[in-house]
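A look at the structure
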Amino acid sequence: MTTTAEHLRNALDGRWRDVKNEMRERLSDEVFRPHFTPNTVIARTKVNEQLRIMAAAGAAEDGFRKEHGGTGDVGAAITRIEMLAMSDLSLMVKAGVQWGLFGGAIENLGTERHHRKYVRRIIDCDLLGCFAMTETGHGSNVQALETTATYDPATREFVIHSPTPTSRKDYIGGAAQTARMAAVFAQLITHEDGAPVQHGVHCLLVPLRDEDGNDLPGVTTSDNDYKGGLPGVDNGRIMFDHVRVPRENLLNRYGDVSEDGTYTSPIESPGRRFFTMLGTLVRGRVTVGGSASAAARVALDIATRYALQRRQFSGPGDDDTEVLIMDYLVHQRRLFPLIAESYALQFAQNELVAKCHDLQSQDDPDPEEQRELEARAAGLKAVGTWHASRAIQESREACGGAGYMGENRLVGLRGDIDVFTTFEGDNTVMLQQVAKGLLTAYADDVRSMSPVEWVRFAANTVGTRVLKRTAAQPIIQTILDNRQDSEEEGSLFNRGTQLQMFSDREEYVLSSVARHLQGKSKEMSEFDAYNAVQDHVLHTARAHIDRVILEAFVAGIDACPDEEAAHILGMVCDLYALSVIERDEAWFIKHRFLSTERAKAVTRGINERCRTLRPYAELLVDGFGIPEQLRDAEMLHPERILQAD
């Protein structure tokens, strides 16, 4: 008989639950037991060993197409790497670089000659590689990378060069030690009539080291050494001094150079070509957000279980028994909203992974669907990694001094997760990408309107394209149609009211930022106009992603077949929705979507949901499905202290 905890776990696991259960079994092997160490030699050695064990077990094959030697199960590939985050974020990053970024670049940007030569070796870890995009001077602005790849028709080679100190490839996972080859992003240059012509950023394969691990001629690698976390990842720097590689090393799916130096591309527009190339690599961003959320769930699992055994201060009456810290409302307030957000994010991640799988399994995906995937991946990556940083830090503090001990996992998780907010895209930039996508859709709706029509439109709606629903479309509409809102406190637990408040906020802030942009564009340059409203832009993106997450949660509850589990999920969803409203309470009040009295009711509602969820505290983290070995914090085993004494 399936328990309520198992129903919760199955609901959270989603479409690839079988893969997750298989990974839980694998990660229960002693070799994957978490072991905190700041020693980079030990940590890197361990991660490399684990990576090869995963490769030998066929863990990488899902990420590559059948015709290239894989299984073509994109969703399973993302899921496997996310699950590695529960064991060691260094291992997750190492696997993501090898199979997701380096391997993904070759499969998605290369052609048959590259697939035939490299993919099987990458799957088997026979060829270890790295993904050399970021430079010291350019991270988010990839179009402005300075590394050059100049074609020499006399030798039929590309000359890879780092022309400035800021063109150094930096923070590259694998570059310090293990990578033998790099997928290098560089400005591709050919010559016409003796004059150089730039064709924008392209990707080329550049060998870095010989079989003995020595830098090849013209290549200089160095070690980033100690970082804030991820000791098992050998991040490094790369400089190129006129390194020559064969013409065939250009990954030429979207741009090619003939032997005589003629450049051709199936995509005429350089801008569209660039974004199409980057769009094929969206899987990395999807994986980073999901992996961060997985790490957050580990931390919350540990902190919750600690709160269910740790006691502080005597309760009322003559009994000297101290009170469990989880029985204090303030402690519930620390952990339960974060647990609720973890549930919400996982349901949204499930939808995102499914969308990524479905699109990347097609030979010719719909461009609009691809753009929507990229925007949603950017937004959920930002929200998920910020959540992970906050949740892990709060979990650490909630465990007091014990949480600061390396043996209890939280300090290691805190260091490792920190960089997730900036790699695969700085979060602030990611939210701008989301908002720009929304504004573009908005502009398409209003481009042909007269000024009078524009004002009327902007004051009332942002168009159906903006509020394109998630997988919950039919459920949401039914809930909204049947809702009966009122000023009564209980109405805040009405799902229709919650959904409407989230939708109303998104519509309002989007129409508002569009009006601001239109007004300011008459007074200043486009850059200055956009720069002047960036606070509104970020708020717009966050409102959109919050709505997407809530709708995914609603869909997840609807799909849960067990009545008791669905009831618990409903209370967790209430807590998530009210916590988001409370976080943006000032905006709701200022714009008269919430009266001051009703705002107080939001706070009371959160407290009420915390109290009603208290009996389910352990059940909620059981639903996360963290393997016992991966939550093996010493503070959860006081009997070991007695044995040691």
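The coordinates are above.
Calculation notes
- Residues numbered from 1 in each chain as written.
- Predicted model: local features only at pLDDT ≥ 70, side-chain atom pairs only at ≥ 80, totals over all residues.
- Heavy atoms only, no water.
- Helix = DSSP H or I, 4+ residues; strand = E, 2+ residues; numbered from the N terminus.
- Rg over C-alpha atoms; globule rule 2.2 N^0.38 Å.
- Buried < 20%, exposed > 50% of the residue type's maximum accessible area, 1.4 Å probe, protein only.
- Contact = heavy atoms within 4.5 Å.
- Areas by Shrake-Rupley, 256 points an atom, 1.4 Å probe, with all protein chains shown as cover.
- Axes fitted to C-alpha atoms, helices over the stretch in contact; angles between N-to-C directions.
- Parallel < 35°, antiparallel > 145°, perpendicular 65-115°, else oblique.
- Left-handed = near helix turned anticlockwise from the far one by under 90°.
- Core = buried A, V, L, I, M, F, W, Y, C linked by side-chain atoms within 4.5 Å.
- Expected span 1.5 Å × (residues − 1).
- Polar contact = N/O pair within 3.5 Å; in protein donor to acceptor, adjacent residues only side chain to side chain.
- Phe/Tyr/Trp six-rings, centres within 6.5 Å; stacked < 30°, edge-to-face > 60°.
- Lys NZ or Arg CZ within 6 Å of the ring centre and 35° of its normal.
- Pairing = 2+ DSSP bridges.

1. Concerning the overall build of the protein chain
For the protein chain, the helix and strand inventory stands at 22 helices and 13 strands. A compact globule built from 645 residues should have a C-alpha radius of gyration of about 26 Å, and the protein chain, at 26 Å, falls within 12% of that. With the principal axes as the frame, the protein chain shows a C-alpha extent of 90 × 80 × 45 Å. Across the 645 residues of the protein chain, 56% fall into the buried class. Pairs at least 24 residues apart make up 74% of the contacts formed inside the protein chain by residues separated by at least 6 positions. Put simply, the protein chain shows about 26900 Å² of open surface, and 50% of that area lies on carbon and sulfur atoms.

2. Things to note about the packing of helix α8 (residues 282–307) against helix α9 (residues 329–360)
Remark: α8 packs on α9, axes separated minimally by 9 Å, with the N-to-C direction vectors making an angle of 155°. Classed by the angle they form, the pair α8 and α9 counts as roughly antiparallel. In terms of crossing hand, the pair formed by α8 and α9 is left-handed. Within the contact between the two elements, α8 uses V282, R283, V286, G290, S293, R297, L300, A303, T304 and A307 and α9 uses H331, L335, L338, I339, S342, L345, Q346, Q349, L352, V353, C356 and Q360.

3. Focus on the environment of V580
By secondary structure assignment, the location of V580 is in helix α18 (residues 563–583). A relative accessible area of 2% places V580 in the buried class. Along the chain, V580 and H138 lie 442 residues apart, while their C-alpha atoms are 34 Å from each other. Those residues within four positions of V580 in sequence are excluded, and the remaining contacts are F502, R505 and D546.

4. Concerning the side chain of T79
Tracing the sequence through the fold places T79 in helix α4 (residues 74–87). The exposure class assigned to T79 is buried, which follows from its relative accessible area of 3%. Each residue touching T79, except ones within four places of it in the same chain, is listed here: W16, V19, K20 and V353.

5. Description of the nonpolar core
Counting residues in each nonpolar core, the largest one holds 165 residues, and the members touching the most others are W99, Y343 and F553. Looking at this core, the element that brings in the most residues is α9, giving 15 residues. Every residue in contact with F553, bar those within four places of it in the chain, is listed here: A340, Y343, A344, F347, L569, V572, C573 and Y576. With 24 residues, the next largest nonpolar core counts A179, F240, L250 and V257 among its residues.

6. So, helix α10 (residues 367–398)
Relative to the 46 Å expected for 32 residues at 1.5 Å per residue, α10 spans 46 Å between its end C-alpha atoms, a close match to the ideal helical length. Within α10, 23 of the 32 residues are buried, which leaves the element mostly enclosed by the surrounding structure. Capping of α10 at its N-terminal end is provided by D366; its side-chain oxygen lies 3.1 Å from the backbone amide nitrogen of E368. Looking at the residues trailing α10, positive phi occurs at G400, about 60°.

7. A word on unusual backbone geometry
Positive phi, close to 65°, is recorded for C125, a residue that is not glycine. Here C125 lies in the loop between α6 (112–123) and β1 (129–132). Overall, the relative accessible area of 2% leaves C125 in the buried class. Phi is positive for L230, close to 50°, though the residue is something other than glycine. One can find L230 in the loop between β7 (219–223) and β8 (235–240). Assessed through its relative accessible area of 5%, L230 is described here as buried.

8. Considerations on the packing of aromatic side chains
Under the criterion given, the structure shown has 10 aromatic pairs. Summarising the aromatic geometry, the rings of F347 and F553 are spaced 5.2 Å apart at their centres and angled 35° between planes, so their arrangement reads as tilted. One end of the pair, F347, is in helix α9; the other, F553, is in helix α17 (residues 534–559), with 206 residues separating them in the sequence. Both residues of the pair, F347 and F553, count as buried. Following the ring pairs from residue to residue traces out a cluster consisting of Y508, W587, F588 and F593. Just above the ring of F502 sits the side chain of R505; from NZ or CZ to the centre is 5.8 Å. Here R609 stacks its cationic end above the ring of F493, 3.9 Å away from the centre of that ring.

9. Quick look at the pairing of strand β3 (residues 157–161)
When you tally the buried positions in β3, you get 4 out of 5 residues, the bulk of the element. Between strand β2 (residues 148–152) and β3, which pair antiparallel one after the other, the connecting turn spans 4 residues, and R156 there sits at a positive phi close to 55°.

10. Topic: the sheet that holds β8
Reading across the sheet, the 3 strands line up as β4-β8-β7 and stay open at both edges, with antiparallel pairing between neighbours. Every interior strand has two partners, whereas the edge strands, β4 (169–173) and β7, have only one. Shown here is a sheet whose adjacent strand axes are inclined to one another by a mean of 30°, direction ignored. The pairing of β4 with β8 spans 3 bridges and is antiparallel. Bridge assignment links G173 to a residue of β8, and that residue is N235.

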